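Next come the chains, spelled out residue by residue.
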Amino acid sequence: MKAKIIDGKILAQNLRAEIAEGVARLKEEKGVTPGLAVILVGENPASVSYVTAKEKACVEAGMLSREIRLPADIEEGVLLDKIAELNADDAIHGILVQLPLPKGFDEKKVINSIAPEKDVDGFTPINVGRMLIGEECFLPCTPHGIIKLIEFSGMDIKGKSAVVIGRSNIVGKPVAVLLSRKETNATVTMCHTGTPDIAKFTRQADIVVVAAGRPGTLTGDMIKEGSVVIDVGVNRIPDETKPKGFRLVGDADFDSCAAVASAITPVPGGVGPMTITMLLFNTLESARRVALNN
């Protein structure tokens, strides 16, 4: 293996230390404690684990963490009322509804009910639109974290050729937008299931972000020497040698890609730690804006 490992845990740790300093400063200078409310509907095990991690990260950063757990069988109106209540709560600067919601809920309607100034996930159409036209907004956490990881690798994004594999609203589309902004200035190609020959594009790319949701989507023979590979995928592969009977792999074939790339994110430990970190970043920014306007 020749590639440098882009350690998301170390970058997240560094950024969280900066965020904690920012929180302490805001408390001292403005008397404002950033507050994040996380709403969990139902008992999806993965969601429960993720919400617990968010709460722990909030507390470590010195933020107010408010966790709201609602049963899966509540009416949608109850959830919307709770969001409206948090929209009006001055102690809360960020609202996050953990997805996916149980069957029967209109996810778009629920997300759209979050006040844009408290949408620290960057999911509401208003924040997505602002991102697209380059206005101030909360950037979506995973895509923003991906940009930080590329910069952390030592790659200067400006003027580089980037390929994004995947066109989801959560990762693929927004990361393509962020890469092509004037601040980053990459030339971006988006590939997806309708792209006949993905390798034709990835072999020309300085940066490849793979977010396809399928193991082995990107292999070493598909990338050029010295490229940077950001692997967003998290897939369970059966493995009887592991205590849980499976192991986690990304969308890139790690070994073959690491033999060609200059830097690559591992799975786990690459993109994952950055998502919650950028959520804290956005919550602090939201609180700063409130403090500035008061």
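Let me begin by describing the structure that accompanies this report. In this text, all values refer to a predicted model and were calculated from it rather than measured experimentally.

The rules behind each value
Residues numbered from 1 in each chain as written. Predicted model: local features only at pLDDT ≥ 70, side-chain atom pairs only at ≥ 80, totals over all residues. Heavy atoms only, no water. Salt bridge = Lys/Arg side-chain N within 4 Å of Asp/Glu carboxyl O. Helix = DSSP H or I, 4+ residues; strand = E, 2+ residues; numbered from the N terminus. Expected span 1.5 Å × (residues − 1). Buried < 20%, exposed > 50% of the residue type's maximum accessible area, 1.4 Å probe, protein only. Arc of directions from axis to C-beta. Contact = heavy atoms within 4.5 Å. Axes fitted to C-alpha atoms, helices over the stretch in contact; angles between N-to-C directions. Parallel < 35°, antiparallel > 145°, perpendicular 65-115°, else oblique. Left-handed = near helix turned anticlockwise from the far one by under 90°. Nonpolar A, V, L, I, M, F, W, Y, C, P; charged D, E, K, R; others polar. Phe/Tyr/Trp six-rings, centres within 6.5 Å; stacked < 30°, edge-to-face > 60°. Lys NZ or Arg CZ within 6 Å of the ring centre and 35° of its normal. Pairing = 2+ DSSP bridges. Core = buried A, V, L, I, M, F, W, Y, C linked by side-chain atoms within 4.5 Å.

1. Comments concerning the pattern of salt bridges
A full pass over the atoms with the stated rule returns twelve salt bridges. Between Asp 89 and Arg 66 there is a salt bridge whose closest N-O contact spans 2.7 Å. Highlighted residues: Asp 89 in the loop between α3 (76-87) and β4 (94-97) and Arg 66 in strand β3 (residues 64-70), separated in sequence by 23 residues. Ionic pairing is found between Glu 76 and Lys 109, a salt bridge with its closest N-O pair at 3.6 Å.

2. Regarding α3
For α3, spanning twelve residues, the distance from its first C-alpha to its last is 17 Å, which sits close to the expected 16 Å at 1.5 Å a residue. The set of residues buried in α3 consists of Glu 76, Leu 79, Leu 80, Ile 83 and Leu 86. End-on, the buried residues of α3 take up no more than an arc of 120 degrees, which puts them together on one face. Against β2 (35-41), β3, β4 and α4 (107-112) lie the buried residues of α3.

3. Description of the packing of helix α2 (residues 45-60) against helix α10 (residues 272-293)
Two elements in contact, α2 and α10, have axes whose closest approach is 10 Å; the angle formed by their N-to-C orientations is 50 degrees. The angle between α2 and α10 places the two elements in the oblique class. At the point where α2 passes α10, the crossing takes the right-handed sense. Of the residues in α10, those in contact with Tyr 50, Ala 53, Lys 54, Ala 57 and Cys 58 of α2 are Thr 275, Ile 276, Leu 279 and Leu 280. In terms of residue class, the contact of α2 with α10 is built from seven nonpolar, one polar and one charged.

4. A closer look at the packing of aromatic side chains
Throughout the structure, instances matching the rule amount to zero aromatic pairs. Directly above the ring of Phe 246 sits Arg 236, whose terminal nitrogen or CZ lies 4.2 Å from the centroid. Seen from the ring of Phe 138, Arg 289 lies directly overhead, with NZ or CZ sitting 4.4 Å from the centre.

5. Some details on the sheet that holds strand β6 (residues 187-191)
Here six strands make up an open sheet; going across it, the order is β1-β11-β8-β7-β5-β6 and the pairing parallel. Here the strands that pair on one side only, and so sit at the sheet edges, are β1 (4-5) and β6. For strand β5 (residues 161-165) and strand β7 (residues 207-210), the ladder comprises four bridges, and the chain directions are parallel. Counted as the bridge partner of Val 163 is Val 208 from β7. Relative to the sheet, helix α7 (residues 172-180) contacts β5, β6 and β7, its axis offset from that of β6 by approximately 165 degrees.

6. Observations concerning the nonpolar core
Formed by 54 residues in total, the largest nonpolar core has its most connected members in Met 63, Ile 146, Ile 150, Leu 179, Val 209 and Ile 230. Ranked by the residues each element gives to this core, the list is headed by α10, at eight residues. Not counting residues up to four positions away in its chain, the partners in contact with Ile 150 are Met 155, Ile 157, Leu 179, Ile 207, Val 209 and Ile 230. Of all hydrophobic cores here, the second largest spans 19 residues; its members include Val 208, Val 210, Ala 252 and Ile 264.

7. Some points on the side chain of Asp 206
Note on placement: Asp 206 falls in the loop between α8 (198-202) and β7. Judged by its relative accessible area of 16%, Asp 206 falls in the buried class.

8. Regarding the sheet that holds β3
Ordered by their spatial adjacency, three strands build an open sheet running β3-β2-β4, and the pairing between neighbours is parallel. Of all the strands in the sheet, the pair left with one neighbour each is β3 and β4. Put simply, the sheet's adjacent strands are angled 15 degrees from each other on average, direction ignored. Of the strands in this sheet, β2, β3 and β4 touch α3, which is tilted by about 180 degrees from β2.

9. Details of the packing of helix α6 (residues 141-152) against α7
For any two helices packed against each other, one specifies the inter-axial angle together with the distance between the axes. At their nearest, the axes of α6 and α7 sit 9 Å apart, and the two run at 45 degrees to each other. Classified by the angle their axes make, α6 and α7 are oblique. When you trace α6 past α7, the crossing you get is right-handed. Across the interface between the two elements, Pro 143, His 144, Ile 146, Ile 147 and Ile 150 of α6 pack against Pro 174, Val 175, Leu 178 and Leu 179 of α7. Its residues assigned to classes, the contact of α6 with α7 shows eight nonpolar, one polar and no charged.

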